[in-house]
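A closer look at the structure
Listed below are the residues making up each chain.
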Amino acid sequence: ALSEAESTFLAKVRALKFASQALAFTELFENSNASFRTMLMSSNSSDVTEALRFFVRAKHFGLPCAVTGTKKALALMWSNETNIQEEVLRAFIEVFVAEPGTEGKELLPENQIA
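What this report covers is the structure whose coordinates are included nearby. (Residues numbered from 1 in each chain as written. Predicted model: local features only at pLDDT ≥ 70, side-chain atom pairs only at ≥ 80, totals over all residues. Heavy atoms only, no water.)

Before going further, it helps to examine the pattern of salt bridges. Counted according to the given criterion, the structure contains 3 salt bridges. We note a salt bridge from Glu87 to Arg53, for which the minimum N-O separation is 3.2 Å. Highlighted residues: Glu87 in helix 5 (residues 82-97) and Arg53 in helix 3 (residues 45-60), separated in sequence by 34 residues. A relative accessible area of 7% means that Glu87 is categorised as buried. Under the relative-accessibility criterion, Arg53 is labelled partly exposed at 35%. Between Glu87 and Arg90 there is a salt bridge, with its nearest N and O atoms 3.0 Å apart. Placement of the pair is Glu87 and Arg90 together in helix 5, with a separation of 3 residues, close to one helical turn. Overall, Arg90 belongs to the partly exposed group, its relative accessible area being 44%. Because the salt bridges share partners, they merge into one network encompassing Glu50, Arg53, Glu87 and Arg90. (Salt bridge = Lys/Arg side-chain N within 4 Å of Asp/Glu carboxyl O. Helix = DSSP H or I, 4+ residues; strand = E, 2+ residues; numbered from the N terminus. Buried < 20%, exposed > 50% of the residue type's maximum accessible area, 1.4 Å probe, protein only.)

These figures capture arrangement, not role.
Dropping the structure here:
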């Protein structure tokens, strides 16, 4: 059996490991931002839609790149491709108007809508 000091130490080690992994995950997400912003301007519509979905996921994790990436994507509303226009609208709603993870079905309180 572990002593109280050993248990406390192990708990702190686990917390440190979790925090380190969370930080690495956040850095990975943030560092991939440039690649996804480039994908927004791709001539391949699936690249564009995947980039938009990345920014929505980033918003769910509270990452600032979600807002900047989605703002850049707004110009795609004038795309000739309907599926891109629809994906931009969906992303805009998810990032700026709706509660995260509700697919636009639940709106944020008025004072939180961007």
